[in-house]
Amino acid sequence: MSSSQPTTILRSFVCHHTDDMWKVKPPLVFPKEGRYRPILESLAPPDPMSQFNLRRGSPEEEFPDLARNHTWMGQILTPALYNRQFNRCTESGVIFDDVIRPGLEEPGEFSGPMTVGCIAGDAQSYILFCDFFDRVIEAFHGQKVSVQTPESDFNYDNLKGGDDLDRSYAVRCEVSVVRGIEEFCFPTHCSRGERRQLLTLARKALQRLQDELPGHLLLLEELNQEQQRELNLDLDLPSSSQLRTGVARDWPDSRAVWASKDGSLVVWINMEDHLRLVSTRDDTNIAEAFKCICINLQKLEEYYKALRHPFIWKQQLGWVTSSPADVGTGLRITVHVKLQHFPKHKRLQDVLKRLRIRMDPTESPALYCVSNMATFGPSEVELTQVVVDGVKLLIAMEKRLEGGRDIDDIVPAQK
């Protein structure tokens, strides 16, 4: 027998044995992870988790108590799903228990709306834990996550109406949008150094924005109560939730607010997200507030690109930030509306569901905060249109109920 024969026989045996092994027990494939497979495999070596010596038991021993949990995390997480995520870790050190921590700290109330109950420590979390995050996103937003890239539309001229709400009912409006910055961890997981770098980047980008929209940057630690009143800012101390989840670590270090001199735009830096742009109007002109956000957001996007730190974008999800409740567009349209009769109507929840909006009470009697339920799926213009049309219909229903008339014939068909 030649010297090469043993090697040939061994190779043949290994290949044959391997083929038989896969036929008996094929490798596990989970549908949600399929489209990210090349990325997941590239993240496998080296395994960041191998760098830790965590004092943990088995996945079965570590599985949380979700019996009284009223969050989407609590509804979706199973022992099998937990087991699959258990030994994964992003390159910056985010493990799955970091992701589900908010829902364990605040399990929610069964009488109230369900929150997502989870948060991403970095952008890579959405890929590494995609089997979990995609399910939460689909449940919260009512929209399937697919391989198609979500549509985006910042052409504010496509919005119909928005400048003609009845001021007898509509009191105030606000349009806001959140963005994450590439190569930085999100607030729950970022270091002091990262947070300070983010503030430096914001200074540079906003300095360029000031060339066309004059404004000034103020550090939270330097703001006194009089300045807060002048700027009409609500700067309460961080909430207990922000403290428990780590969002408010080192408060108020490197937190800042930029305000335009004409009062049309405020930019929050390093608060619940890297950036949050807000346009508030007391004349309830949603069209103008939306236009302000579209124009200045696109300018800041270009400035951040020039600084080599673009906004975080994922092909299947669109824009992503720390919360899966904001993926897609990160856009929130809010209108404060006076309603006395409609909130007591038996079809309240049915109407809100059909209109795809939510309505939350405020501290003022008969004043409600109406906003979009989802941020993922529809484009920016479509989401704004949903709120504009929804508020107009709510006001029309309120007027009918004031006159003792029925509203059934103006309730929209299920969308």
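So, how was this worked out
Residues numbered from 1 in each chain as written. Predicted model: local features only at pLDDT ≥ 70, side-chain atom pairs only at ≥ 80, totals over all residues. Heavy atoms only, no water. Helix = DSSP H or I, 4+ residues; strand = E, 2+ residues; numbered from the N terminus. Buried < 20%, exposed > 50% of the residue type's maximum accessible area, 1.4 Å probe, protein only. Contact = heavy atoms within 4.5 Å. Phe/Tyr/Trp six-rings, centres within 6.5 Å; stacked < 30°, edge-to-face > 60°. Lys NZ or Arg CZ within 6 Å of the ring centre and 35° of its normal. Expected span 1.5 Å × (residues − 1). Polar contact = N/O pair within 3.5 Å; in protein donor to acceptor, adjacent residues only side chain to side chain. Pairing = 2+ DSSP bridges. Axes fitted to C-alpha atoms, helices over the stretch in contact; angles between N-to-C directions. Core = buried A, V, L, I, M, F, W, Y, C linked by side-chain atoms within 4.5 Å. pLDDT = per-residue confidence, 0-100.

(A) Spatial organisation of the overall build of the protein chain. Tallying secondary structure elements over the protein chain gives 14 helices and 10 strands in all. Counting all 415 residues of the protein chain, 50% fall into the buried class. Relative to all contacts within the protein chain whose residues are 6 or more apart in sequence, the contacts with residues 24 or more apart total 74%.

(B) Structural detail: the packing of aromatic side chains. Across all of its chains, the model carries 10 aromatic pairs by this definition. Taking the centre distance of 6.4 Å and the plane angle of 80° together, the rings of F311 and W319 count as edge-to-face. In this pair, the class of F311 matches that of W319, namely buried. Taken together through their ring pairs, the aromatic side chains of F63, Y82, F86, F96, Y126, F129, F132 and F133 make up a single cluster. The side chain of R56 reaches across the aromatic face of F86, ending 3.8 Å from its centre.

(C) Region of interest: helix α12 (residues 286–306). Counted at 1.5 Å a residue, the expected span for α12 with its 21 residues is 30 Å, and the 30 Å between its end C-alpha atoms agrees. Measuring from the backbone nitrogen of A287 back to the side-chain oxygen at the start of α12 gives 3.3 Å, which picks out N285 as the cap. Once α12 finishes, R308 follows within two positions and takes phi at roughly 65°, a positive value.

(D) Quick look at unusual backbone geometry. Cis geometry marks the peptide bond from W251 to P252; its omega dihedral reads 0°. Tracing the chain through its elements places P252 in the loop between α11 (240–245) and β3 (256–260). Even without being a glycine, N270 presents a positive backbone phi close to 65°. Mapping N270 onto the fold places it in the loop between β4 (266–269) and β5 (275–281). The backbone phi angle of T284 is positive, close to 55°, even though this residue is not glycine. Inspection of the secondary structure assignment puts T284 in the loop between β5 and α12.

(E) Spatial organisation of the side chain of Q242. Among the secondary structure elements, Q242 is positioned in helix α11. Side-chain polar atoms of Q242 contact the side chain of E272, separated by 3.2 Å. Among all residues touching Q242, those that are not within four sequence positions of it are V247, A248 and E272.

(F) Region of interest: the sheet that holds β5. Spatial ordering of the open sheet is given by β2-β3-β4-β5-β1-β8-β10-β9, a layout of eight strands whose pairing is antiparallel. Two strands lie at the open edges of the sheet, namely β2 (215–219) and β9 (357–361), each paired on one side alone. Direction aside, the axes of adjacent strands within the sheet are offset by 20° on average. Contacts from helix α14 (residues 380–402) reach β1 (170–179), β8 (331–338), β9 and β10 (367–372), with the element oriented near 10° to β8.

(G) Representation of the environment of A289 within the structure. One can find A289 in helix α12. The buried category is assigned to A289, whose relative accessible area is 0%. Residues A289 and D163, 126 residues apart in the sequence, show an inter-C-alpha distance of 9.6 Å.

(H) Just the pairing of β3, in detail. With five of five residues buried, β3 lies mostly within the body of the structure. Along β3, one buried face is formed by A256, W258 and S260 and the opposite face, lined by V257 and A259, is buried too. Of the strand pairs in this sheet, β2 and β3 are connected by five bridges, and their pairing is antiparallel. The residue of β3 that forms the bridge with H216 is A259. Sheet analysis places β3 next to β4, joined by four bridges and oriented antiparallel. The partner of A259 across the bridge, within β4, is V266.

(I) Spatial organisation of the nonpolar core. If you look at the biggest cluster of nonpolar residues, it comprises 66 residues, and the most contacted ones within it are L265, V335, F342 and M359. The contacts of F342, once residues within four sequence positions are left out, are L348, V351, M359, L394, M397, E398, L401 and I407.

(J) Representation of the confidence of the model for the protein chain in the model. Of the residues in the protein chain, 86% reach a pLDDT of 70 or more, and the chain-wide mean stands at 87. Below a pLDDT of 50 lies the segment residues 1–25, which in the model reaches two contacts outside its immediate sequence neighbourhood of four places, other chains included.

(K) The pairing of β5, seen in detail. Two elements, β1 and β5, share seven bridges in a ladder whose sense is antiparallel. Following the sheet pairing, R179 is matched in β5 by L275. In this structure, the hairpin formed by β4 and β5 is closed by a connection of five residues, where N270 is found at a positive phi of approximately 65°.

(L) Structural detail: the environment of P113. On the secondary structure map, P113 appears in the loop between α6 (96–105) and α7 (125–128). Sequence spacing of P113 and T71 is 42 residues, and the spatial spacing of their C-alpha atoms is 8.6 Å. Setting aside residues no more than four positions away along its own chain, P113 makes contact with H70 and R358.

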